[in-house]
Amino acid sequence: MYLCTNDVHVPRYPHERFRGKSPMGLRGEAILQFDETVGRVCAALQRLGIADNTLIILTSDNGPVLDDGYADRARELSGSHNPSGPMRGGKYSAFEAGTTVPFIVSWPGHTRGGRTSKALVSHIDAMASLAEMLGADLPEQAGPDSRNQLKAWLGRDRKGREHVVEYSGTLSVRQGKWKYIAPSNGGKIAWQTGIETGNDSAPQLYDLKQEAYERQNLYDRQPERGRRMQQLIDEIKAGKP
């Protein structure tokens, strides 16, 4: 089952029973509503006696944004809270706050609660990973970019993918501890949101292990590594394996 809620996405319109329950206004109330939805789904699985035989994935399609063109006072009422934390960017951004999202996996008897993993995975891996879990064969040509990452989901593989290509205005690639953002001529601030896009006419290279928040562009110090990562993007665009 795929349950795609609209709660936190604009326009935010939580049910009346959540109104006034959060100091963050409509956005906070929408998060409370989403939280209750997740609780109801889990309770239904328990009630039906199938919770132990159900893999649950909780994730998001992009990073956060407060002001997305609606007058719901989300930015004003957020106070000192920054939904991106110390990371740069947000929705519409090639920086990590735009492309790194929550990915919570729960499956009784297969996952251990409270553990975190630094394995590199992508949403496009869901097709091949779920097929592996179900013992199903994907049709020919289906999910050509999807890779089986079931072991990473379950905490048995701490590395995950060799690389992940990302797109938000420009192409970027994550490979191990390295993040490369290809040069582009787009605007540096996203429309209306005030979020850094990550666009720059110069190539960008970041060591996310040493400095996770993309403040120090290392391309000039390691141009060869940056060129190899650009070559990887070019090869993928050309359809090379």
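In every chain, residue numbers begin from 1 and rise along the written sequence. Local features in this predicted model are restricted to residues whose pLDDT is 70 or higher, and side-chain atom pairs enter the listing and the counts only when it is 80 or higher, whereas totals over whole chains, interfaces and linings include all residues. As a rule here, side-chain values come from all non-hydrogen atoms in the structure, and water together with hydrogens is ignored.

## Comments concerning the pattern of salt bridges
Logical step 1: Counted as salt bridges are all cases of a side-chain nitrogen of Lys or Arg within 4 Å of a carboxyl oxygen of Asp or Glu. What the rule picks out here adds up to 17 salt bridges.
Logical step 2: With its nearest N and O atoms 3.1 Å apart, the salt bridge here joins Glu214 to Lys179. Of the two residues, Glu214 sits in the loop between β6 (204–207) and α6 (223–237) while Lys179 sits in strand β5 (residues 178–181), which places them 35 residues apart along the sequence.
Logical step 3: Using a 1.4 Å probe on the protein chains alone, a residue whose accessible area is under 20% of its type maximum counts as buried, one over 50% counts as exposed, and one in between counts as partly exposed. Classification of Glu214 by relative accessible area gives buried; the value is 0%.
Logical step 4: A cluster of three or more residues bridged by salt bridges with shared partners is formed by Glu96, Glu166, Arg174, Lys179 and Glu214. In this text, helices come from DSSP runs of H or I with a minimum length of four residues, and strands from runs of E with a minimum of two, each type numbered from the N-terminal end.

## Some words on the packing of aromatic side chains
Logical step 1: Two rings belonging to Phe, Tyr or Trp (six-membered ring only in the last case) form a pair when the distance between their centres is within 6.5 Å. Interplanar angles under 30 degrees mark stacking, angles over 60 mark edge-to-face geometry, and anything in between is tilted. Across all of its chains, the model carries three aromatic pairs by this definition.
Logical step 2: Here the basic side chain of Arg19 rests over the ring of Tyr13, its NZ or CZ set 5.0 Å away from the ring centre. Lysine NZ or arginine CZ positioned within 6 Å of the ring centre and within 35 degrees of the ring normal marks a charge as sitting over the ring.

## Observations concerning the sheet that holds strand β4 (residues 171–175)
Logical step 1: The antiparallel open sheet is built from four strands, whose spatial order is β3-β4-β5-β6. A strand with exactly one partner marks an edge of an open sheet, and here the two such strands are β3 (164–167) and β6. Across this sheet, the average inter-strand angle for adjacent strands is 20°, counted without regard to direction. In this analysis, strands are considered paired if DSSP registers two or more bridges between them. Geometry is summarised by axes, namely lines fitted to C-alpha atoms with helices restricted to the contacting stretch, and by angles between N-to-C directions that run from 0 to 180 degrees.

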